[in-house]
Amino acid sequence: MIEFARIKQLLLFGLLAVVTFAVYDNFFADKESPLFQPFTKGYSLQQVVIETSDEQGQIVTTIKSPAVIHYADSKKTLIRQPNITLHENDGDWVFQSAVGEINPNQTEIYFPEQVFLELNESDINANEMTIETSQLLVNLNDKVGKTAALINMKQLGAAMKGKGAVVDFNRQEIEILSEMYAEFKN
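Quick summary incoming for the structure in this document. Computed from a predicted model, the values in this text were never measured in an experiment.

Criteria and thresholds
Residues numbered from 1 in each chain as written. Predicted model: local features only at pLDDT ≥ 70, side-chain atom pairs only at ≥ 80, totals over all residues. Heavy atoms only, no water. Helix = DSSP H or I, 4+ residues; strand = E, 2+ residues; numbered from the N terminus. Rg over C-alpha atoms; globule rule 2.2 N^0.38 Å. Buried < 20%, exposed > 50% of the residue type's maximum accessible area, 1.4 Å probe, protein only. Core = buried A, V, L, I, M, F, W, Y, C linked by side-chain atoms within 4.5 Å. Contact = heavy atoms within 4.5 Å. Salt bridge = Lys/Arg side-chain N within 4 Å of Asp/Glu carboxyl O. Pairing = 2+ DSSP bridges. Polar contact = N/O pair within 3.5 Å; in protein donor to acceptor, adjacent residues only side chain to side chain. Patch = residues over 30% accessible without salt bridge, like charges linked within 9 Å, V, L, I, M, F, W, Y side chains within 5 Å. Areas by Shrake-Rupley, 256 points an atom, 1.4 Å probe, with all protein chains shown as cover. Phe/Tyr/Trp six-rings, centres within 6.5 Å; stacked < 30°, edge-to-face > 60°.

This part is about the overall build of the chain. Scanning the chain from terminus to terminus reveals 1 helix and 13 strands. Starting at the N terminus and ending at the C terminus, the chain contains elements arranged as α-β-β-β-β-β-β-β-β-β-β-β-β-β. Computed over C-alpha atoms, the radius of gyration of the chain comes to 28 Å, more than 25% over the 16 Å expected from 2.2 N^0.38 for 186 residues, which places it beyond the range of a compact globule. Its C-alpha atoms put the chain at 100 × 40 × 25 Å along the principal axes. Counting all 186 residues of the chain, 29% fall into the buried class.

To continue, consider the nonpolar core. Ranked by size, the top nonpolar core spans 26 residues in total, and within it W93, F95, F111, L117, V138 and F169 carry the most contacts. Beyond its immediate sequence surroundings of up to four residues, L117 is in contact with W93, V94, F95, M129, T130, I131, L136 and F169.

Looking now at the pattern of salt bridges. Under the criterion given, the structure shown has 2 salt bridges. When the shortest N-O distance is used, the salt bridge between R171 and D168 registers 3.8 Å. Given a relative accessible area of 58%, R171 falls into the exposed group. Residue D168 is classed as buried on the basis of its relative accessible area of 16%.

The subject of this paragraph is unusual backbone geometry. Unusually for a residue other than glycine, Q135 sits at a positive phi of about 50 degrees. In this fold, Q135 is placed in the loop between β9 (129-133) and β10 (136-139). The backbone phi angle of Q172 is positive, close to 60 degrees, even though this residue is not glycine. Within the secondary structure layout, Q172 lies in the loop between β12 (158-168) and β13 (173-184).

With that settled, the discussion passes to the pairing of strand β5 (residues 91-97). Counting buried residues along β5, 5 of its 7 residues qualify, which places the element largely inside the surrounding structure. In terms of strand pairing, strand β4 (residues 83-86) meets β5 through 4 bridges, oriented antiparallel. Looking at the pairing, N83 lines up with Q96 of β5. Note: β5 against strand β8 (residues 115-121), 7 bridges, orientation antiparallel. Note that in β8 the partner of F95 across the bridge is L117.

Before going further, it helps to spend a moment on the side chain of T77. The residue T77 is located in strand β3 (residues 76-80) in this model. Among the polar contacts listed, one links the side chain of T77 to the side chain of H70, at a separation of 2.8 Å. Excluding anything up to four places from it in sequence, T77 contacts V68, I69, H70, G100, E101 and I102.

Residue position: E173 is located in strand β13. In this structure, the C-alpha to C-alpha distance between E173 and V144, residues 29 residues apart in sequence, is 9.7 Å. When near neighbours in sequence (up to four residues on either side) are disregarded, E173 contacts V166, V167 and D168.

To continue, consider a nonpolar patch on the surface. A surface patch of nonpolar side chains, about 800 Å² in accessible area, is lined by L15, V19, F21, V23, Y24, F27 and F28. Locating F27 in the fold gives a position in helix α1 (residues 2-27). Since its relative accessible area comes to 64%, F27 is described here as exposed.

It is worth spelling out the packing of aromatic side chains at this point. Evaluation of the coordinates by the stated rule reveals 3 aromatic pairs. Note on W93 and F169: the rings are 5.0 Å apart at their centroids and 70 degrees apart in plane angle, and the pair reads as edge-to-face. On the criterion of sequence distance, the pair formed by W93 in strand β5 and F169 in the loop between β12 and β13 is long-range, its members being 76 residues apart. Taking relative accessible area as the criterion, W93 reaches 0% and is therefore assigned buried. Members of the aromatic cluster, connected to one another through ring pairs, are W93, F95, F111 and F169.

Structure follows, in structure tokens:
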């Protein structure tokens, strides 16, 4: 008789567990879509070096990255830890960031996070320039960058900061759009 009572209790607890789970699943469980879409279309490249050239065959852009991911659905290309060089006659501009995005036409690179730019001039006596900003959109055809974010620029004997900027990489000109502050030292 005691054995039958234990089996009855075990069945009752099992039934209670199933009913409790059904009530929870019906009324309280999150039935939203997953937080991410699985990567199904596109490709990924590891340890990448991409060089683009102009009509004369001169290398104008070099992209180095540990990983490049292209999403075929959105046609967006994501670059992890990009090290991008815009080659110019007067010197090369080097961009470094945690992430970069190339548009579908491959004419623009967007740096949504913090990006560091450095001008390595071909003249060894020239002063190197460094720039720090974020949300930078660089047009690779015109070699012009635009940002609405804060920007800091340093060069030997000078420092400038402000909000928003247009940078012409060909002419090595920076136009700070607002809240500009500059310091010069002799």
